[in-house]
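# Examining the three-dimensional arrangement
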Amino acid sequence: MTAIDGEPRIYPFTAEQLRLDPLYAHLRKEEPLTRVRLPFGEDAWLATRHVDARVVLGDARFSRALSVGRDEPRTRPEQGNGGILSMDPPDHTRIRRLATKAFTMRRVELLRPRAQEIADGLADEMLAGGSRADLVEQFALPLPITVICELLGVPVEDREHFRVWSDAFLSTTSLTLEQVMEYKGKLWQYMGGLIEQRRVEPTDDLIGALVLARDEQDVLSEDELISLTVGLLVAGHETTATQIPNFVYVLLNHPDQLAWLRERPEQVAQAVEELMRYVPLGTAAAFPRYAKEDIEVGGVLVRAGEPVLVAVASANRDESVFEDPDELRLARSTNPHIGFGHGVHHCLGAPLARLELQVALGTLLGRFPDLRFAVPQEQLRWKRGMLVRGLESLPIEW
Amino acid sequence: MSEGRWQVGVDHGACIGSGICAGTAPAYFRIDAGKSYPVAELIDSDEVVLDAADSCPMEAILVKDASSGAVLAPEA
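Residues numbered from 1 in each chain as written. Chains lettered and ligands numbered in written order. Predicted model: local features only at pLDDT ≥ 70, side-chain atom pairs only at ≥ 80, totals over all residues. Heavy atoms only, no water.

### Some points on unusual backbone geometry
To keep it simple, the criterion reads: A run of H or I in DSSP counts as a helix once it spans at least four residues, and a run of E counts as a strand once it spans at least two, with each numbered from the N terminus.
Look at the link from Tyr11(A) to Pro12(A): it is a cis peptide, with omega at 0°. Among the secondary structure elements, Pro12(A) is positioned in the loop between β1 (9-10) and α1 (23-30). The peptide bond linking Ala73(B) to Pro74(B) adopts the cis configuration, its omega dihedral lying at 5°. By the secondary structure assignment, Pro74(B) is in the segment after β6 (71-73). Located in the positive-phi region is Gln17(A), a residue other than glycine, with phi close to 45°. Considering the arrangement of structural elements, one finds Gln17(A) in the loop between β1 and α1.

So this is what it looks like as structure tokens:
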């Protein structure tokens, strides 16, 4: 048992581009559970090792529901209603189960031909437009947006509206608190409208199915219904749209690995797993878990009621689990990364995200044999004040 | 709903160790070296096991009625 004296560390640590602060490696070695102070909310423990991360995320003695009513440690001013991410079983299970079936690997695999068709169409347009494009605007955003819109039943032509509103859910400081509230309200209202439409005219898309679950079986409340569908739309495209350019950026900076994958396109699924491990998508650990009872984690006794944050990106670089963890090795065959989380809140859309990332990389490598940055890397614009790291735009040429 | 004894199995070819089942039904599943294992293969009926099986993104958990062999989860 280690007693930790002194002041908590100021958190988040640095998160420039896709670089992971070396302090994480130090903490994994010397202080696997450390005290941190965030811009907002109470102080917390921060877990940095893979083994501890899995306990905090996976053990039912840790709770997300207990964060409600507490001053949750966080990087943004508002403590939003996290929807199912702020629930524990059995409430969490009751609501999540309604959407799970649409996102099992088996069901998602049926969408592969359509996702490929969308990706091919986007590649065609880029090629027809000349020898240069913005990967974010012309490929990375429209691919997942189109897929999730078709799955949910959201008109894809409304994209320009909800894209702006969606950012409110990922903003830490990029938007003002007023903007965040306004945009969240607008998306909430927009989704309420789509739900009402289905009460007049039922549809066989996912929103339609969820409306039936509410109206005919009373499985969830109206607020839960709107919160779930908004969550599916936002989470259903923002992260994938951010990861596609991140992956391309990393591959262009690892020409040997890119060449390896070009020679072995059939290994794209394995490559996606390694990129998921390697790329620290989040700018900081978020969504702390509260201990329901005293639990020892990483040699520290976490007291009942204390919040613990999990540094997923650090766990994915844990040297006791991954050989040469700071190296990108697409050939890694055993890869127990937790890039999609762990436990009951393990990403609901993981099978769809995997499929889209595989299709995206496969298409880009297949259709653009001479893909490269179109501007010097120093000129790339990175997102600021967001929960995720990513590029505002990625000018590429071929 | 089938009462009585149920048989629980995890297909390790499909399991990705997401930890969803062990978080949903900790009395019935545990994660070891990145794979899920049923705590017992034969159990008294308990709805939460069906919840866990239906929450698996890989549909790796099979729950059957022990006497009839009827599949209770995952849902078709």
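What follows continues from the structure just given.
### A look at the interface of chain A and chain B
Note the cut-off: In this analysis, two residues are considered to be in contact whenever any of their non-hydrogen atoms come within 4.5 Å of each other. What gets called buried area is simply the loss in accessible area from a 1.4 Å probe that two parts show on being joined, summed for both. Any Lys or Arg side-chain nitrogen found within 4 Å of a carboxyl oxygen on Asp or Glu counts as a salt bridge.
Taken residue by residue, the interface counts 18 residues in chain A and 20 residues in chain B. Summed over both partners, the interface of chain A with chain B comes to about 1,600 Å²; 54% of that surface belongs to carbon and sulfur atoms. Notably, a salt bridge pairs Glu75(B) with Arg97(A), separated by 3.2 Å at the nearest N-O pair. Looking at the side of chain A that touches chain B, the elements that each hand over two or more residues are α2 (50-58), α3 (91-100), α4 (105-109) and α16 (350-367) of chain A.

### What about the pairing of strand β3 (residues 44-47) of chain A?
Residue and element names in this part refer to chain A. Quick note on the threshold: Think of it in three bands: residues with accessible area under 20% of the maximum for their type are buried, residues over 50% are exposed, and the middle band is partly exposed, with areas taken using a 1.4 Å probe on protein chains only. Here the rule is simple: two strands pair whenever DSSP picks up at least two bridges between them.
Covered by surrounding structure in β3 are Ala 44 and Leu 46 together with Trp 45 and Ala 47, the residues of both alternating faces. Pairing of strand β2 (residues 33-37) with β3, which is carried by four bridges, proceeds in the antiparallel orientation. Within β3, the residue paired with Leu 33 across the bridge is Ala 47. Where β2 hands over to β3, the hairpin turn is made up of six residues, of which Gly 41 adopts a positive phi near 90°. When β3 meets strand β9 (residues 307-310), the two strands line up parallel, connected through three bridges. Bridge pairing in β9 places Trp 45 opposite Val 308.

### Things to note about the pattern of salt bridges
Residues and elements named next belong to chain A. The tally for this structure, following the rule as stated, stands at 46 salt bridges over all chains. Linking Arg 37 and Asp 43 is a salt bridge whose minimum nitrogen-to-oxygen distance equals 2.8 Å. Taking the relative accessible area as the measure of exposure, Arg 37 reaches 33% and is therefore partly exposed. Where Glu 42 meets Arg 70, a salt bridge forms, and the shortest distance between an N and an O atom there is 3.0 Å. Highlighted residues: Glu 42 in the loop between β2 and β3 and Arg 70 in the loop between β4 (62-63) and α3, separated in sequence by 28 residues. By relative accessible area, Arg 70 is classed as partly exposed at 31%.

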